[in-house]
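Architecture and fold: a report
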6 protein chains.
Amino acid sequence: MFLHKQTLQYKATPEKPDAVYARKLQELIGGQYGEITVAMQYSFQAWNAHIPGKYRDLLFSTAAEEFGHVEMLATMVAQLLEKAPQGITEDAVQDDPTVAAIVGGTDVQEAVVAGAGARPVDSNGNPWNAGYVTASGNLLADFTSNISAEMQGRTQVARLYHMTDDPGVRDLLSFLLARDTHHQNQWLAAARELQAEGVEEMPVPSNFPKSKEAQEFSYQAINFSDGEHMQEGSWASGPAPDGLGEFTYVATPPDGVPMPPPTRPDSRFYGTTDMPNIVEKTAGAVQDKLKKE
Amino acid sequence: MFLHKQTLQYKATPEKPDAVYARKLQELIGGQYGEITVAMQYSFQAWNAHIPGKYRDLLFSTAAEEFGHVEMLATMVAQLLEKAPQGITEDAVQDDPTVAAIVGGTDVQEAVVAGAGARPVDSNGNPWNAGYVTASGNLLADFTSNISAEMQGRTQVARLYHMTDDPGVRDLLSFLLARDTHHQNQWLAAARELQAEGVEEMPVPSNFPKSKEAQEFSYQAINFSDGEHMQEGSWASGPAPDGLGEFTYVATPPDGVPMPPPTRPDSRFYGTTDMPNIVEKTAGAVQDKLKKE
Amino acid sequence: MFLHKQTLQYKATPEKPDAVYARKLQELIGGQYGEITVAMQYSFQAWNAHIPGKYRDLLFSTAAEEFGHVEMLATMVAQLLEKAPQGITEDAVQDDPTVAAIVGGTDVQEAVVAGAGARPVDSNGNPWNAGYVTASGNLLADFTSNISAEMQGRTQVARLYHMTDDPGVRDLLSFLLARDTHHQNQWLAAARELQAEGVEEMPVPSNFPKSKEAQEFSYQAINFSDGEHMQEGSWASGPAPDGLGEFTYVATPPDGVPMPPPTRPDSRFYGTTDMPNIVEKTAGAVQDKLKKE
Amino acid sequence: MFLHKQTLQYKATPEKPDAVYARKLQELIGGQYGEITVAMQYSFQAWNAHIPGKYRDLLFSTAAEEFGHVEMLATMVAQLLEKAPQGITEDAVQDDPTVAAIVGGTDVQEAVVAGAGARPVDSNGNPWNAGYVTASGNLLADFTSNISAEMQGRTQVARLYHMTDDPGVRDLLSFLLARDTHHQNQWLAAARELQAEGVEEMPVPSNFPKSKEAQEFSYQAINFSDGEHMQEGSWASGPAPDGLGEFTYVATPPDGVPMPPPTRPDSRFYGTTDMPNIVEKTAGAVQDKLKKE
Amino acid sequence: MFLHKQTLQYKATPEKPDAVYARKLQELIGGQYGEITVAMQYSFQAWNAHIPGKYRDLLFSTAAEEFGHVEMLATMVAQLLEKAPQGITEDAVQDDPTVAAIVGGTDVQEAVVAGAGARPVDSNGNPWNAGYVTASGNLLADFTSNISAEMQGRTQVARLYHMTDDPGVRDLLSFLLARDTHHQNQWLAAARELQAEGVEEMPVPSNFPKSKEAQEFSYQAINFSDGEHMQEGSWASGPAPDGLGEFTYVATPPDGVPMPPPTRPDSRFYGTTDMPNIVEKTAGAVQDKLKKE
Amino acid sequence: MFLHKQTLQYKATPEKPDAVYARKLQELIGGQYGEITVAMQYSFQAWNAHIPGKYRDLLFSTAAEEFGHVEMLATMVAQLLEKAPQGITEDAVQDDPTVAAIVGGTDVQEAVVAGAGARPVDSNGNPWNAGYVTASGNLLADFTSNISAEMQGRTQVARLYHMTDDPGVRDLLSFLLARDTHHQNQWLAAARELQAEGVEEMPVPSNFPKSKEAQEFSYQAINFSDGEHMQEGSWASGPAPDGLGEFTYVATPPDGVPMPPPTRPDSRFYGTTDMPNIVEKTAGAVQDKLKKE
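Residues numbered from 1 in each chain as written. Chains lettered and ligands numbered in written order. Predicted model: local features only at pLDDT ≥ 70, side-chain atom pairs only at ≥ 80, totals over all residues.

Identification of chain A as Manganese catalase family protein from Nesterenkonia rhizosphaerae is taken from an unreviewed UniProt entry. Recorded in UniProt for chain A, the comment headed Sequence similarities (unreviewed entry) runs: "Belongs to the manganese catalase family." (UniProt positions renumbered as here; feature names shortened; annotations may be inferred.)

Notes on the overall build of chain A
Helix and strand counts for chain A stand at nine helices and six strands. Relative to the globule expectation of 19 Å for 293 residues, the C-alpha radius of gyration of chain A, 28 Å, shows a markedly less compact shape. Each principal axis of the C-alpha atoms in chain A carries an extent, and together these give about 75 × 60 × 50 Å. Counting the 293 residues in chain A, one finds 68% classified as buried. Counted over contacts in chain A with a minimum sequence separation of 6, partners at least 24 positions apart contribute 72%. (Helix = DSSP H or I, 4+ residues; strand = E, 2+ residues; numbered from the N terminus. Rg over C-alpha atoms; globule rule 2.2 N^0.38 Å. Buried ≥ 20, exposed ≤ 12 C-beta atoms within 10 Å, placed from the backbone. Contact = placed C-beta atoms within 7 Å.)

Side note on the sheet that holds strand 3 (residues 220-222) of chain B
Residues and elements named next belong to chain B. The three strands lie next to each other as 3-5-4, forming an open sheet whose pairing is mixed. Single-partner strands in this sheet number two, and they are strand 3 and strand 4 (238-239). Of the pairings in the sheet, the one linking strand 4 to strand 5 (residues 246-250) comprises two bridges and is antiparallel in character. Across the sheet, residue Gly-238 finds its bridge partner in strand 5, namely Phe-247. (Pairing = 2+ DSSP bridges.)

Thoughts on the relation of the copies chain E and chain B
Under the fitted operation, chain E is carried onto chain B by 0.0 Å of movement along the axis and a turn of 120 degrees, and the coordinates agree to an RMSD of 0.0 Å. Here the copies are linked by what is in effect a three-fold axis. The C-alpha atom lying nearest the rotation axis in chain E is that of E:Ala101; the distance is 2.6 Å. Looking at chain E, a mere 14% of its interface residues are interface residues in chain B too, so the copies touch through different faces. (Least-squares fit on C-alpha atoms with pLDDT ≥ 70 in both.)

Focus on the interface of chain B and chain A
At the junction of the two partners, chain B supplies 102 residues and chain A supplies 103 residues. Contributions of two or more residues to the side of chain B that touches chain A are made by strand 2 (7-8), helix 3 (54-82), helix 6 (139-161), helix 7 (167-196), strand 3 and strand 6 (257-258) of chain B. Here the side of chain B that touches chain A takes 14 residues from helix 7 of chain B, the largest share from any one element. When the residues that make up the side of chain B that touches chain A are grouped by side-chain class, the tally is 45 nonpolar, 39 polar and 18 charged. Pairing geometry for strand 2 (residues 7-8) of chain A and strand 6 of chain B, over two bridges, is antiparallel. In the sheet register, A:Thr7 faces strand 6 of chain B, and the bridge partner there is B:Pro258. (Nonpolar A, V, L, I, M, F, W, Y, C, P; charged D, E, K, R; others polar.)

Regarding the domain arrangement of chain A
As assigned here, chain A comprises domain 1 (19-196) and domain 2 (209-277). Using C-alpha coordinates to define each centre, domain 1 of chain A is positioned 38 Å away from domain 2 of chain A. (Domains from an automatic or database assignment.)

With respect to the pairing of strand 5 (residues 246-250) of chain C
All names here are of chain C. Pairing of strand 3 (residues 220-222) with strand 5, which is carried by three bridges, proceeds in the parallel orientation. Counted as the bridge partner of Ala-221 is Tyr-249 from strand 5. Following strand 4 (residues 238-239), the chain reverses through six residues before pairing antiparallel with strand 5; Gly-243 in that reversal takes a positive phi of roughly 75 degrees.

Observations concerning the sheet that holds strand 5 (residues 246-250) of chain D
As summarised here, the arrangement of the three strands in space is 3-5-4 (chain D), forming an open sheet in which the pairing is mixed. Both edges of this open sheet fall to strand 3 (220-222) and strand 4 (238-239) of chain D, since each of them pairs with a single strand only.

Focus on helix 6 of chain B
For helix 6 of chain B, built from 23 residues, the straight-helix expectation of 33 Å at 1.5 Å per residue is met to within 8% by its first-to-last C-alpha distance of 32 Å. For helix 6 of chain B, the tally of buried residues reaches 23 of 23 residues, placing the bulk of the element in the interior. (Expected span 1.5 Å × (residues − 1).)

Observations regarding the confidence of the model for chain A
Detailed conclusions should not be drawn from predicted coordinates in areas where pLDDT is low. Residue and element names in this part refer to chain A. Overall, the prediction assigns chain A a mean pLDDT of 91, with 91% of residues at 70 or greater. Low pLDDT, under 50, characterises residues 276-293; the stretch is placed with 15 contacts to residues that sit more than four places away or in other chains. This complex was scored by the predictor with a pTM of 0.95 and an ipTM of 0.93. (pLDDT = per-residue confidence, 0-100.)

Let's talk about the packing of helix 6 (residues 139-161) of chain C against helix 6 (residues 139-161) of chain D
Orientation of helix 6 of chain C relative to helix 6 of chain D, taken along the N-to-C sense of each, is 155 degrees, at an axis distance of 8 Å. The pairing of helix 6 of chain C with helix 6 of chain D is recorded here as roughly antiparallel in orientation. Considering how the two elements wind past one another, helix 6 of chain C and helix 6 of chain D form a crossing that is left-handed. Mapping the contact onto sequence places C:Leu140, C:Ala141, C:Thr144, C:Ser145, C:Ile147, C:Ser148, C:Met151, C:Gln152 and C:Thr155 in helix 6 of chain C and D:Leu140, D:Ala141, D:Thr144, D:Ser145, D:Ile147, D:Ser148, D:Met151, D:Gln152 and D:Thr155 in helix 6 of chain D. (Axes fitted to C-alpha atoms, helices over the stretch in contact; angles between N-to-C directions. Parallel < 35°, antiparallel > 145°, perpendicular 65-115°, else oblique. Left-handed = near helix turned anticlockwise from the far one by under 90°.)

Here we look at the relation of the copies chain B and chain A
Once turned by 180 degrees and shifted 0.0 Å along the axis, chain B lies on chain A with an RMSD of 0.0 Å. Here the copies are linked by what is in effect a two-fold axis. Comparing contact sets, 99% of the residues at the interface of chain B also lie at the interface in chain A, consistent with an isologous, same-surface contact.

Let's talk about the nonpolar core
Core analysis: the biggest nonpolar cluster contains 588 residues, and A:Val77, B:Val77, C:Val77, D:Val77, E:Val77 and F:Val77 have the highest contact counts within it. Discounting residues that sit within four places of it in the chain, B:Val77 has contacts with B:Ala22, B:Leu25, B:Gln26 and B:Ala118. (Core = buried A, V, L, I, M, F, W, Y, C linked by C-beta atoms within 7 Å.)

Observations regarding the interface of chain E and chain B
Taken together, the contact pairs 42 residues of chain E with 42 residues of chain B. Those elements that provide at least two residues to the side of chain E that touches chain B are helix 1 (19-30), helix 4 (97-104), helix 6 (139-161) and helix 8 (278-281) of chain E. With five residues, helix 4 of chain E is the single largest residue contributor to the side of chain E that touches chain B.

As for the environment of F:Pro205
Its place among the elements puts F:Pro205 in the loop between helix 7 (167-196) and strand 3 (220-222). Once the C-alpha coordinates of F:Pro205 and F:Ala141 are considered, the two residues, 64 residues apart in sequence, prove to be 8.1 Å apart. Discounting chain neighbours no more than four positions away, the residues touching F:Pro205 are A:Tyr270, E:Arg154, E:Thr155, E:Ala158 and F:Asn138.

Structural data, given as structure tokens:
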């Protein structure tokens, strides 16, 4: 159950309007690694969790926090748009290149569709979609996805920090950067704890029977490009991080096996086959065959 | 530049047709964590890499291998479909519940659109889309995303392994499981190497100035749910994995700050405002204002 | 700010597993009119609201309730899947038509991607996307959209009610039906109150200057089909619901105006024009023109 | 059957080119509430209608009109683009900030993909998709959706009206505003008529057996946020609009019921469970179990 | 302008219900090459056409016909669903494997969302989207796309013909096959006529200045795979179809040129660079640089 | 199997940065007719091919070449972005209209998401999706689709050629234009060869039994619009290109057949029916019927 409280976790008020920046902030709301993604991702991971206790409690908590981050950003966007030129004409302002340039960099839909408000889309106007969400029921896989999401998200916030000099916006971003720092650390700690407790280990899933894996290929660093430096990394020799094997380097891919012959499906799929004159040659047979239908 | 070779990295031939399973295998081709995703992801990471040498060589190599995995799976799917019932009627087989059940579980588009062939879609028929790809230019963020992708991918292969008993299919899956084992280890090794070399560290991005972050929130485990066990994890006390801070636990979210007042954009956005009788009250003014337009 | 509580608003436990029905319930989670849609829609309407007070409070409250409905349904789906056959083979069960039929009707991704869990998708596996959300800043338009969403949603719940006889599932649906009844009534009451208070009226937006509308067409029921009965409705004669005009019936569309001549854009767009021999005829001129570039 | 006539319902010729505005008009063609949406929505409602006569005739008629509106807008867009700068360079115009600003605000695909023409996309270039369409077979639900669509659409036209001062464009918009006025009224009249005739009533669907609904929750205004003003509305006390119940206000959500325990699916889904040492502990059993496969 | 007529171009009535087949027919309504695609494609090509006369008239006419084909198919789907089992339970029919199998093969949304009606989606439930539409303003390119669309469409109809033995359905398909035959021929005739009249020629666009093309590569059949037979085709030697060059065969791709060095964008993008200790090394400089912001 | 080589087929280095043009080039990478589309399309056609030999070899070869074209374009985009203003502020440059205009025309995600790199999206930021791919197993249909794709692609390159005067960019485009010239010719040659060899002919699929087609409609040019010139084309009279029929012109669509009556599905779908008082009238019966459930 979710309860809503009409306060914000942190101050979210810009010093001045900026519709171009409002469009950029949409990335943090509805982008691939925006706040909607992490809110929904942690929610579904919690609902699909198979263990009660600390891990699931952590998921529920962080999910709820992230919905509040969507709220702070949406609130910020609305204020950035409140008094900003977005194309509503008055006299001849469109002839002013400065105004024209600003209008060119705004999100038309924030104006025309939302009436100067935030939208659940990214900075290019792509609607957020659930294809961004990861929730597999395997917590080590999912926590690793969460570390990744927080890293990508914090990188984007850091980039956006340098795209404005509004103190109010920067203040909010400094808070989001801090929470992303915490969440990166949190998920990494959780992933380590899962392994320390032996709940799940590398490679994920760790309890798939080794005997059913083609183990001779499990630690081979095969080079499919012609870069000479691939072999210099720790992935090409020495012990693998999972502690179960030793990397070997294969400089060129083995020849492989011949492709199986092309398929010849039922002729009623009308694919092109290697019997050039099928119509003539098999006319009788085909007609017989098709008569039934 | 990419060169193609008409052999497969590993044998990909089923023992018998199985159109229902062919649909399931689509997940590994065109799903969120299918082979198209990793092939494209590693390619774009390589093209966006800012350092020559071992890391970029590794990306180019693995990208090329993954395109070959798409090929093996597409080849497998075509063979699973080759002689399988997919709805082409002959006599009255549709009345046979076994056949009807099989037809119900197949992907109609593999039959009607591809003519008994593989498609760049997932097991629900969603076309693959580039929203699945992550490539930020920050290698620690991206390698972490790659570890995650390989974990999710291997988990799906393991699940699919138990959904067939065809020895030919299982043989191919045992190979993919092994390569996923390698790739999980490989990206983890690479992520560690980046950190060991000081190229990039936690939190990502590591060279964002700490002074610009609201550091008092950077290590707070705030509980937004009512689970009692969240505080038991290593994310709620003790040193954070980045080595730069100490976790503290906050049992209930602080009250927060008041929401800013709602925005009142230009009346020509026709949003609903708190001036109930705007039409009557401001009729004159509005008309004056609008006369110009 | 959102807070999470680890209880459910209503009991959500099925009597027995049913993976086929689990797929159907996805429609109520991630479909066009599923709970994610209304939760997100009411949230964005609240964040884009321009008036403090009862309307915005109502939006915040209902948004939070709907996120809890997503949770109840996701919990239900996980339980329906918990012990249900989803394709994991054991012995030869796939030859059993009953089991094969069940497997054919399940969502492969609930098994392979989520590991027997719920997903933010609809019953055909389409990921939820924000293109379903409506939030314009105009409350009468938005509340009308909300009435519509609740009507569509309740209709779908009612249909799904008849597709199961599991008492546990039906119990949850009976609760959702009741809440949808309330929410239909609630938004209708709110839409009426907006009008009663004169905040917003028909036609929306109500304060757009009438003089700028081509008013001769504002109440014409023009028949673009050949149905004879269109004129029988209250939309073809008598006073219009907005109280500002009188409907008239136009039995056949007037002839209209000639289409403007086709455009001839710059030849460097390489569109096909009506100057058949452009290459020869204008070669010299084109070459001169292009020399500069 | 549809027949086409090479005239337009209304004049659609701009006074001067304006590629930036051409991009904005795309919202009315291919946006969520653009003309393609209503044309397709009314068509599918007509095809899914279960009653012959006035309601279906109305749907067919309005659908056909809306396809003609797509045509008028596409024609307008092509003319706005015909002689407008869209990035085709000549000399050094790109250095002129005015031209650069214009080019920045245009839709690149209108130029590069369509060759200076309209496209079935919205103002952010998102392709129109059928996820925008509502057609349930329940006419009261669908007509309410239609009222909503016309309200949203008219609001967008009104906003766009203020974003241009081209008399030709404004003339077309004044016509569309008028037709949207009519269609809002029309669908509202039709929705009322359905109810007056007892064909369908509130709550939709109205003939779902009341006894199967958890009626104690059907008129409860439960406050899930902390806004104090929610209780002031007509949705919190007094008779509900459906005439079947009386609203009551619940100031805080009841505690709810405990969540069911997390699910533990078959171990071959490789979800993380609460048996930390499953690999070691159950190795023997798992191996026995897996031997069969 | 479009006018609607309440008759169908051809009879569209099945002999008996078949919900599984209704789902399959969706491919012809809302699939990549379904009737919505061609109706919209020909419409946009007409609106973007730059020549009045026969070509544009042809586009308008065919577009209108195709909208009528959508209608016939939607009508057919509704009838196939009318009395078919779609999951509405009565007694214990779900235990009957035949019924279960049928339900497994149906489109849940045709039942739950449309109430036993057609939807603007394909056979996997993907909503139709405008990314399927091609309309470039270049008629030879577009007519070639149309030939392709009609070929793919007719192939799908032919496949579907063999997936039913219902005489009513087959009757409608036999009509669609005939119209597809006509339209394939029509667009091919139109493409030839464009070339015969010199309006547009191969290669498209034909009036791009040859001198600006790297002509030494314009007729080289370069083999990027290791297939030995590529050189046997008419594309590897002899005159090219455009009459302007002679094919030559290049057995192996030339070595190519070195890749440019990786980019090093502004450090505030936080990409990973080859300066491992940037934080320490440049701390002073970075701090100076960042002080301004 | 794919192998990668760290050289480019052709030089891909711009003379100077240009972030606005970098956005435009995205169309050639991730657009409907960009290089990802053709690379994936030719790959899937090869994997779905049913004949070994020259046609399949050609598909494999061209697919591999196209992946290399994606690489060249991605490399170009990264360099165009390397030193270009993309919104990272320094002092007050945003007040400079020239810079503001440039920033307005760039792709925000190339900066914020990719860190000044290329992305698998089009020029409006739409992620590439597999709905663009055509691969049917019928080679004449597919080669025709390939001709179309190369025509559209070359037209877009030609348009983009005129949108820059950077010699380095133009050099790369001149190479792509040449390869598109070759590929147009190649697929046309292949399509002709298929027909010359009798492998596949017009209409596609050519071996569908003529007797099952409603042949009286196979060569009728029926005019559904009111354009007078449609009848002037070679598609309205004379022999059809397939050599199997003679075109006839039908000036007005025949009346058609009456629509079947609307469907009346099971009342538990809660569609609106023509029994206005169903609730009252059938209350008893319905209750009886529903009692079982």
